[in-house]
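A closer look at the structure
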Amino acid sequence: MTKKNVHTVPSKGGSGWDNKVGGEVVSHHQKKETAVEKGRSIARANEAEHVIHDKGGKIQQSNSYGNDPNPPKDQR
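The numbers attached to residues start from 1 for each chain and follow its sequence in the written order. Whole-chain, interface and lining totals are the exception, using all residues; otherwise, since this is a predicted model, local features are given only for residues with pLDDT of at least 70 and side-chain atom pairs are given and counted only at 80 or more. Derived side-chain values reflect all non-hydrogen atoms in the structure, with water molecules and hydrogen atoms excluded from consideration.

Observations concerning the side chain of His50
For helices the rule is a DSSP run of H or I covering at least 4 residues; for strands it is a run of E covering at least 2, with both sets numbered from the N terminus onward. By secondary structure assignment, the location of His50 is in strand E4 (residues 49-53). Exposure categories follow from relative accessible area, calculated using a 1.4 Å probe and restricted to protein chains: below 20% of the type maximum is buried, above 50% is exposed, and the middle band is partly exposed. On the accessibility criterion, His50 (1% relative accessible area) is buried. Distance and chemistry together define a polar contact, namely a pair of N or O atoms within 3.5 Å, with one atom able to donate a hydrogen and the other to accept it when in protein, and with adjacent residues in sequence counting only for side-chain atoms on both sides. A polar contact is formed between the side chain of His50 and the side chain of Thr8, at a distance of 2.7 Å. Contacts were defined at the residue level, with two residues in contact if any of their heavy atoms lie within 4.5 Å. Not counting residues up to four positions away in its chain, the partners in contact with His50 are Val6, Thr8, Asn19, Val36, Gly39, Arg40, Ala43, Gln61, Ser62, Asn63 and Tyr65.

Shown next, in the form of structure tokens:
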């Protein structure tokens, strides 16, 4: 089974924010900050990526809670 990313996106219809996994809404929230907290929790539990979008749908931030395909390079 593949790990599915969690996307925090504006709700269709403009009333709040949704967390989606595999294209399906798994939680709905009135405030973005509440949706981001829940999305982070879901991503950690699934060891997946959490992708946070802005109101226009553009990716604003991305956090990895599993195997990061592009880990940061240490500059020691």
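We are not done yet, so read on.
A few points about the confidence of the model for the chain
You can read pLDDT as the predictor saying how much it trusts each residue, on a scale of 0 to 100. Averaged over every residue, the pLDDT of the chain is 89; the share at 70 or more is 86%. Considering each helix and strand of the chain separately, the mean pLDDT is smallest for strand E5 (residues 59-64), with a value of 94, and largest for strand E1 (residues 6-10), with 98.

Quick word on the environment of Glu24
Turning to its location among the elements, Glu24 is positioned in strand E3 (residues 24-29). The class of Glu24 is exposed, set by a relative accessible area of 57%. The spacing of Glu24 and His7 is 17 residues in sequence and 9.8 Å in space, taken between C-alpha atoms.

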